[in-house]
Amino acid sequence: MALKKVKGNFERMFDKNLTDLVRGIRNNKDNEAKYISTCIEEIKQELRQDNISVKCNAVAKLTYIQMLGYDISWAGFNIIEVMSSSRFTCKRIGYLAASQCFHPDSELLMLTTNMIRKDLNSQNQYDAGVALSGLSCFISPDLSRDLANDIMTLMSSTKPYLRMKAVLMMYKVFLRYPEALRPAFPKLKEKLEDPDPGVQSAAVNVICELARKNPKNYLPLAPIFFKLMTTSTNNWMLIKIIKLFGALTPLEPRLGKKLIEPLTNLIHSTSAMSLLYECINTVIAVLISISSGMPNHSASIQLCVQKLRILIEDSDQNLKYLGLLAMSKILKTHPKSVQAHKDLILACLDDKDESIRLRALDLLYGMVSKKNLMEIVKRLLGHMERAEGSAYRDELLYKVIEICGQSSYLYVTNFEWYLTVLVELIQLEAGSRHGRLIAEQLLDVAIRVPVVRQFAVNEMTNLLDTFTVSAQSNSMYEVLYAAAWIVGEFAGELEDAERTLNILLRPRQLPGHIQGVYVQNVIKLFARLATTCLELQDLPGIVRLCDHVLDKLQHFNGSSDIEVQERASSACMLIEMLRTQLTATDESAMVMETAESGIPPLAIEIVQEMTLLFAGELIPVAPKAQRKVPLPDGLDLDEWINAPPPEDNPSSSSSEHDKEELFVSASQAGGGTAMGHDGGHGGAGKRRKSLELTPEQMERQRLARLIEQSNNPHYLKSTNASASAAGASNADQYDNIDDIPITELPLDMDGVAALRVGVTKRSDKYLQDQQAAAALQGGGAGKDGKKKHKKSKKSKKAKNKVAYNSSSESEGEPKPLHIVNTTLDMPEGVSLSDSEDKDGKYDPNDPHRALDIELDIADFEAPAASRSASKKSKEGKENLKVPAEPATNSTSKKEKKKDKDKTREHKRERKAHTQPVVVDLIDADTPTPSPRHAPAATATPNANANASNNSLNTSSTVLPDATTEEHHKQHKKKRNKEKNKEAAASVAEEATAASGSIIDVEDDASTLVASKTHKKKHKKEKSRRKEKKEESESATASASVSAADYEQPLGISTPSKEIF
Amino acid sequence: MIKAILVFNNHGKPRLSKFYQYFDENLQQQIIKETFQLVSKRDDNVCNFLEGGSLIGGSDYKLIYRHYATLYFVFCVDSSESELGILDLIQVFVETLDKCFENVCELDLIFHADAVHHILSELVMGGMVLQTNMNDIMARIEEQNKIVKQEAGISAAPARAVSAVKSMNIPQQIKDIKLPDLPQAIKDLKF
C-alpha cells in the first residue's frame, strides 16, 4: 500500500504539468488541435486516479485548454472534487476552473451548495475569499437562495477582506434571488459607513448598480451619499457616487439644486480628469432635470461647456473623445451653448481618430441650421469620398440623412438640393448598405413635398436610365424601387412619359421585388399615356402603345420570380383586353367610317377604369399607426367564427390581454371626434348591419365605424378633399404635428434646367445660390436679380397664406423654398410622441426588474408606505431564515442570537427614548454606536417628518431627536477633528428644527457648502502628495528592456494613475 | 459592471479570458476574435475607447483597452463604469503583474495563466471592481502565495526538482558552458 503510494507520487512527477502543456502547445503550432486532443486524453486518464494532486494538475491544464476554446464541462464532477479539497492550492485551482466553465444553469451546481457553505465559513479567510470569487461567476438562483444567509453573515465578518467580498457578492445574490434584497438592505446600508474604505467602496458600488436600474427606490439614501461625497477622498468611490447622483437627479430636482454647488467646487478643485469628467456629466444631468428656475443656471452650463472645450482641445485623444461624448448630452437641452463651439466640433470631423470623428458626427445633429445645412452636408460628402472604411462611410451617409431629415426636414430649405444630394449619394462609387434608407427618403420627400415632385420624377427618370447595378455587396439598387415608384405614381408630372416607360421596360437584371414594382409602375405609366391618347383621340397611338408594352412585358412574364410573373401576366391580360377592344373597333370603324371618335366606348371605359385604379393622393402613414387602430365596435376578436370545439374553451385571458395591447378600444378612443366628419362617408358602413340591433345601436355603431374609417390608413378615402378636411378637423388631436394643408407652390423650372448642365457636383450649385442670395439680402438691395431670391419671396407669401409657423426663424436665415407636408395619417387619440419605449426598453430577462423593490429606507415622502415596508421586511427576514438547511443550524442560530441581542438593544434604546415607532423607522437594524451617529443626524429630520405625519406621535418626537443630536455632538467633539463639521451639525440641527430633510434645507445650503470647501482644500493637498508619490513609484517600476518577441516587457510607463 | 476582460497578443492569441457573463466556448472565441479585429486595426495614438462589438454588449457597452508592447488588455464595460477609471484600473492590473512577475512580459502570462487569474481576482470580482489599491492587492497575493508554499512544503520538493530539470534547456546550457581558453592558459603556464 505504502509502496503503491510512493510509486504514485513518483509517477506523478513525470506527468505533464501546466507548464509542460503550454510548452507542448507552443511546440506543436502546426497541429495544435491534434496535440490538444491527445492532451485531453491524458487528462482524462489523470482524472481517473485517486490522487487529488494529480486531479488538481489535470484541472489546471483544463482551465488553460478552456481558454483556447475547448469545452471542458464534461469534467464538472472532477472540478467539484478539486474544489472540495482541503488544500488551499487545489481549492483555488478548482474554483478558478469552475468560474471559467460553470454557468448558472449548470445542473452540477446542486452538488456544490454544502461544500461552498463550508468554504464560506472556513477559518481561513482566503478559503472563503476564493469561494466568493468563484461563486460570483456562476451563482445560480438556487445557490443564491441557499447561501444568502451565509453571505450576509460574512458581511459582518471581522475581516475587512471578507466583508468587502461579501458585499459585492450580495449584488450577485440579489440578481438571482431578488427576495434577498429587502432583508439584506439594512446591512448593506450599514456598510456605507464601514471603517474600512474598501468595504465602503464596495457597498457604494453595489448600491450604485442597484440604483442604476431602479433609482427611485434609493432616493432616500441621498443624504448619506451626499455626506460621503463631501467627506471622501477616494476618487474611485467619488466617481461612483457622482454617477449615482446622476441617476437620482432626474427624480428629485431639489437634490439637483443641492448638488450643483459642491459639484462645481469639485470641478474647480480636482486634478483628476476622471473625476472632473464625471462631475461634469452629473452637472449636465442635473441641468437637464431642472432645466430652468436656477439663478446661476447658465453659469453652470457655461462652466461645463468651457471645461469640455478644454477636454476636447486636449492632445489626449481619450479626453477629446469623452469631451465630445459629454457635449452630446448637453446638446439635447442646451443646443445654443454647444453651437457656440461649432468651430471646434467641425474641426473634430477631420480628426485622424475614427471614434472621435463618429462622436463629432453625433454632435453635428445639433449644429445644423437652415443657414449652414448645405455647407455641412457638402463637407460630409467630401468626407465620404475620402473615407476608407465602409463602416465609416455608411455612418456618414446615415448622418447626412439624419441631419437633413430631422424634425420633418426642418432645416432643408430647398428640396431640389436635397434630392440632388440623395442622388449624389446614390451615385457614389463605393456604394453603401443604406440603399433602403435612401429609398425611403426619396419616397418620403416625393410624397410629402408636392412641389418638388416634378423635379423628382425627372431626376428619378435619369437615375433609372443611368444607374447600373454593380457590386452585389451593397444594397444601393434598392433605390430603384423608390425611383420606379415615384415615376409611376407621379406620372402626371413627367415631361416625357414615354421615355420613362421605355426605360422601365428595358430588360435588366434586378431583384424580384424591384422588378415587381417596375411592372406595377409600367401600368401606371401606361394608364397615363393611354389617357393622353384618349384626349387626343389618337387611336393608332394607343394601339402602338399597347403593342409595344405587351411586347416588352413578355420579358417580365418569363421571370423566375413568382411575384414578377404574376404582376406581369395580369398586366398583360389587362392590356390585351384593351387591345382586343381597340382592334374590334378597327373593324367596326371600317364599317362605319363616319364615326368621328375612333375609339370605342368600351375601350375608353377600360382606360378610364385603369386610371381610376391609380387616382387619389397618398399621404404618409405614421409608422406606429397600424397598432393604434382602435378595435371596431362590432368586432369581437374572441368571438368564434365557427362554433368552438367542444372539448374546452380556450378563450383565455392571454388573448384578451393581447387584444388590449394591440388595440385601443373604440369607445375609449372615440370621444368627441365624431362631429368632424359626420356624414362624410355616407352609407359606407351600412353593409354589415345585423337584424338584432336597435336603430340607436346602429347609429352608434355607424358613427364609430366612420371614425374608425376616417382614421384607418388602409381605408381608401373617397376624395382628397375629405381627407384633408378630416385632417384639419382632427387637428387638435394631433399633438406635436403642425397641421399644414397641402399647398401648391409655383416653381419655375428654368433654374433647375440650368443646373442639369453637366456640373460634377450639382448640389454645390445650390449652396452657391444660397450664399449669393444671402449676400443680396444682406446688402439690402431691393433688386430681385436672382431667381432664387424671387422664389424665396414667393414662398414667403405662400407661407403667410398657409400660416406656416416660422416665428422662431431668425432674420438672416434662408427662407424655405418648399413646404413639407407633415400631415400624417394617424388614428385618433394617438400622438406621434406616443412611443413604445416602455415595451422596448424593458428586457423581460433583465434581473433588475425583479429588484424593483421598495426598500424601507426612512422615506421622507411616503412615511406610511415605508412603515408597511419595514414590517414586510421583518417578515422577509424570517422567510429567508426558513430555508436554511439543518447542516448550518449552528451558524443560523448564531445569527439569530445576534439578532436577539440586537433586538434587545433595540428595546433598551426604545425604553431610553420612549419613542419606539420613530426609532424603528430611522433604522430597522440598530446601529453600532460609533459610525452610526452621523447618519442618525441626517436621518432624524426624516423621522421627524414621519412623525409629524403620524399625528399620534407628534408630541414626543422632539425628545429622541434632541438626544441623538447630543450624542452626535459629543461624538464629534471626542474626535475633535474639524470645526467645520460642527458647523455642519448645527446646520443639520436647524434643519431638524425646520422639520425638513437635508434636501429641503435651501437657505442653509450655502453655509454647509462653505464648510465643505475648506475641507476639500485639505483633501486636494493630500491627494496631490499621494499622486506625486505614486508617480515616482511607477517611474521606478517602469523598465524598458528590449528583447525578442514575447520577452518584451510590457513597459508600463504611462502613469495616468490619478485615481488610485 | 465589467462584462469581460480579455488579454491577447498582437496576433490575436488569447492570453487571458475572463467572462463575467456566461458565453459558451465557441462564442467566447468569436468574441475574442471580433474584439481583436476591432482593436488591432487602430493606431496607437487614437483614443482607447470604442463601441462594443456586435457579439458582446450592445449600445450600452464599451471596449476600453490599452496596448502594452505585445499585449492588448481589453475590458468590456457598461455605462456604470467610468471610462478613465477603467483605464487606470488596467494600469493597476498591469503594474501589479509587473510586481508579481518582476518585469512582466508576454511569456509570464503564457506560462502562468492561472497566476494571472488569481491576481485578477483580487482586482475584480464577478464583474465589479474589488480593490484598486496596489499595496493592498499585493499584500493579499503575497499572503495567498505564502499559504500555497506552506502547503507544498517538503512534499513538493521532488516535483520541483523534476520541473527544474524539465525546464533546463540542456543543449543551450552546454553551448553556454564557458571553457577556459586553453591556448591562452597554456601560454600563461610558466615553466
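Please refer to the structure higher up on the page.
One structure accompanies this document, and this report is about it. Note that this is a predicted model, so its numbers are computed, not measured.

Thresholds applied
Numbers given to residues run from 1 along each chain, matching the order in which its sequence is written. Numbering of ligands from 1 and lettering of chains from A proceed in the order in which they are written. With pLDDT at 70 or above as the cut-off, local features in this predicted model cover only qualifying residues; side-chain atom pairs require 80 or more to be listed or tallied, and sums for whole chains, interfaces and linings still use all residues. Each side-chain value is worked out from all heavy atoms of the structure, with water and hydrogens disregarded. Strands are runs of DSSP state E lasting at least 2 residues, helices are runs of H or I lasting at least 4, and numbering of each runs from the N terminus. It only takes one pair of heavy atoms within 4.5 Å for two residues to be counted as in contact. Surface accessibility in these figures is a Shrake-Rupley result with a 1.4 Å probe; residues are shielded only by whichever protein chains are displayed. Three exposure classes are used, based on accessible area relative to the maximum for each residue type with a 1.4 Å probe and protein chains only: buried under 20%, partly exposed in between, and exposed over 50%. Once two parts are joined, some of their accessible surface, as seen by a 1.4 Å probe, is lost; buried area is that loss totalled over both. Here a salt bridge means any side-chain nitrogen of Lys or Arg lying within 4 Å of a carboxyl oxygen belonging to Asp or Glu. Any pair of N or O atoms that falls within 3.5 Å is considered a polar contact. Within protein, one atom must be able to donate a hydrogen and the other to accept it, and sequence-neighbouring residues count only if both atoms are side-chain atoms. One requirement defines pairing of two strands: DSSP has to find at least two bridges between them. Lines are fitted to the C-alpha atoms to define the axes, a helix being fitted only along its stretch in contact, and any angle between axes, read from their N-to-C directions, falls within 0 to 180 degrees. Only residues whose relative accessible area exceeds 30% and that take part in no salt bridge are eligible for patches, with like-charged residues grouped when within 9 Å of each other and nonpolar side chains (Val, Leu, Ile, Met, Phe, Trp, Tyr) grouped when within 5 Å. Pairing of aromatic rings covers Phe, Tyr and the six-membered ring of Trp, with a centre-to-centre limit of 6.5 Å; geometry is then stacked below 30 degrees between planes, edge-to-face above 60, and tilted otherwise. The labels follow the angle: roughly parallel below 35 degrees, roughly antiparallel above 145, roughly perpendicular from 65 to 115, and oblique for the rest. Gly falls in the polar group here, along with every residue not listed as nonpolar (Ala, Val, Leu, Ile, Met, Phe, Trp, Tyr, Cys, Pro) or charged (Asp, Glu, Lys, Arg).

What to know about the overall build of chain A
A tally of regular secondary structure across chain A gives 48 helices and zero strands. For chain A, restricting intrachain contacts to residue pairs at least 6 apart in sequence, the fraction spanning at least 24 positions comes to 71%. Carbon and sulfur atoms make up 52% of the accessible area of chain A, which totals about 50,400 Å².

A word on the overall build of chain B
The number of helices and strands found in chain B is eight helices and seven strands. Expressed as a percentage of its 191 residues, the buried residues of chain B come to 55%. Look at the contacts in chain B between residues 6 or more apart in sequence, and 49% of them connect residues 24 or more apart.

What about the interface of chain A and chain B?
Across the contact, 84 residues belong to chain A and 81 residues belong to chain B. Between chain A and chain B the total buried area reaches about 7,600 Å² when both faces are included, carbon and sulfur atoms providing 57% of it. Between the two partners, chain A and chain B, sit five salt bridges. Residue D78(B) is joined to R212(A) by a salt bridge in which the shortest nitrogen-to-oxygen separation is 2.9 Å. Summed over the shared surface of chain A and chain B, the result is 28 residue pairs in polar contact (both at pLDDT 80 or more).

Some remarks on the environment of M384(A)
Residues and elements named next belong to chain A. Turning to its location among the elements, M384 is positioned in helix α22 (residues 373–386). Residue classification places M384 among the buried residues on the basis of a relative accessible area of 2%. Each C-alpha atom of the pair M384 and L396 lies 6.7 Å from the other, and the pair is twelve residues apart in sequence. Those residues in contact with M384 that lie beyond four places of it in its chain are R393, L396, L397, L425 and L428.

Describing the side chain of H118(B)
Structurally, the position occupied by H118(B) is in helix α4 (residues 113–123). Judged by its relative accessible area of 12%, H118(B) is buried. Ignoring anything within four residues of it in the chain, the contact list for H118(B) reads R92(A) and L96(A).

Some thoughts on the sheet that holds strand β4 (residues 62–68) of chain B
Residue and element names in this part refer to chain B. Pairing is antiparallel across the open sheet formed by five strands, whose spatial order is β2-β1-β5-β4-β3. The open sheet has two edge strands, β2 (14–19) and β3 (49–51), and neither has a second partner. The sheet shows a mean angle of 20° between the axes of neighbouring strands, direction not considered. With seven bridges connecting them, β4 and strand β5 (residues 71–77) associate as antiparallel partners. Looking at the pairing, K62 lines up with V77 of β5. Contacts between helix α2 (residues 83–101) and the sheet are confined to β1 (2–9), β2, β3, β4 and β5, with β4 contributing the most and set at about 35° to the helix.

Some thoughts on a nonpolar patch on the surface
A cluster of nonpolar side chains, namely F77(A), M110(A) and L111(A), defines an oily patch on the protein surface of about 370 Å² accessible area. Along the chain, F77(A) falls in helix α5 (residues 76–83).

Remarks on the pairing of β2(B)
Among the six residues in β2(B), six count as buried, and that is most of the element. Hairpin connection between β1(B) and β2(B): a loop of four residues separates the two successive antiparallel strands, and G12(B) in this loop has a positive phi of roughly 85°.

Topic: the packing of aromatic side chains
Inspection of every chain in the model, using the stated rule, returns 14 aromatic pairs over all chains. An angle of 75° between the planes, with centres 5.7 Å apart, marks the rings of F102(A) and F138(A) as edge-to-face. Here F102(A), found in the loop between α6 (88–101) and α7 (113–120), pairs with F138(A), found in helix α8 (residues 125–138); they are 36 residues apart in sequence, far enough to count as distant. Considered together, F102(A) and F138(A) belong to a single accessibility category, that of buried residues. Ring geometry for F8(B) and F36(B): centres 5.7 Å apart, planes at 90°, overall edge-to-face. Pair noted here: F8(B) is in strand β1 and F36(B) is in helix α1 (residues 25–40), with a separation of 28 residues, a long-range link.

Some details on the pattern of salt bridges
Side chains bearing opposite charge may pair, as long as their charged atoms lie close to each other. Following the criterion strictly, the structure yields 33 salt bridges over all chains and no others. Note that R448(A) is salt-bridged to D444(A), the shortest N-O span being 3.3 Å. Remark: D444(A) and R448(A) occur in helix α25 (residues 435–448); sequence separation between them is four residues, near one turn of the helix. For R448(A), a relative accessible area of 11% gives the class buried. Across the salt bridge formed by D465(A) and R506(A), the nearest N and O atoms sit 2.7 Å from each other. Of the two residues, D465(A) is situated in helix α26 (residues 453–466) and R506(A) in the loop between α28 (497–505) and α29 (512–536); the sequence distance between them amounts to 41 residues. By relative accessible area, which is 33% here, R506(A) ends up partly exposed. Connected via shared salt-bridge partners are E209(A), R212(A), D60(B) and D78(B).

Here we look at the side chain of K91(A)
Residues and elements named next belong to chain A. Within the secondary structure layout, K91 lies in helix α6. Separated by 3.3 Å, the side chain of K91 and the backbone oxygen of M83 make a polar contact. When neighbours within four sequence positions are excluded, K91 is seen to be in contact with V82, M83, S84, S85, D119, D127 and V130.

A closer look at the packing of α22(A) against helix α24 (residues 415–427) of chain A
Residue and element names in this part refer to chain A. Orientation of α22 relative to α24, taken along the N-to-C sense of each, is 5°, at an axis distance of 12 Å. By the angle between their directions, the pair α22 and α24 is classed as roughly parallel. Residues L373, M374, V377, L381 and M384 of α22 lie in contact with α24, whose contacting residues are W417, V421, E424 and L425. Here the contact of α22 with α24 is built from residues that sort into eight nonpolar, no polar and one charged.

Description of unusual backbone geometry
Residues and elements named next belong to chain B. The backbone phi angle of E102 is positive, close to 55°, even though this residue is not glycine. Locating E102 in the fold gives a position in the loop between α2 and α3 (106–111). You will see that N103, though not glycine, has its phi angle at about 60°, which is positive. Within the element layout of this structure, N103 appears in the loop between α2 and α3.

Some details on the pairing of β5(B)
All names here are of chain B. By the criterion of burial, β5 is predominantly enclosed, with seven of the seven residues buried. Alternating residues of β5 divide into L71, F73, F75 and V77 and Y72, V74 and C76, and every residue in both groups is buried. Looking at chain direction, β1 and β5 are connected through seven bridges and run antiparallel. By the bridge assignment for β5, N9 is matched with L71. Hairpin connection, β4 to β5: the antiparallel pair is bridged by two residues, and A69 has positive phi, about 45°.

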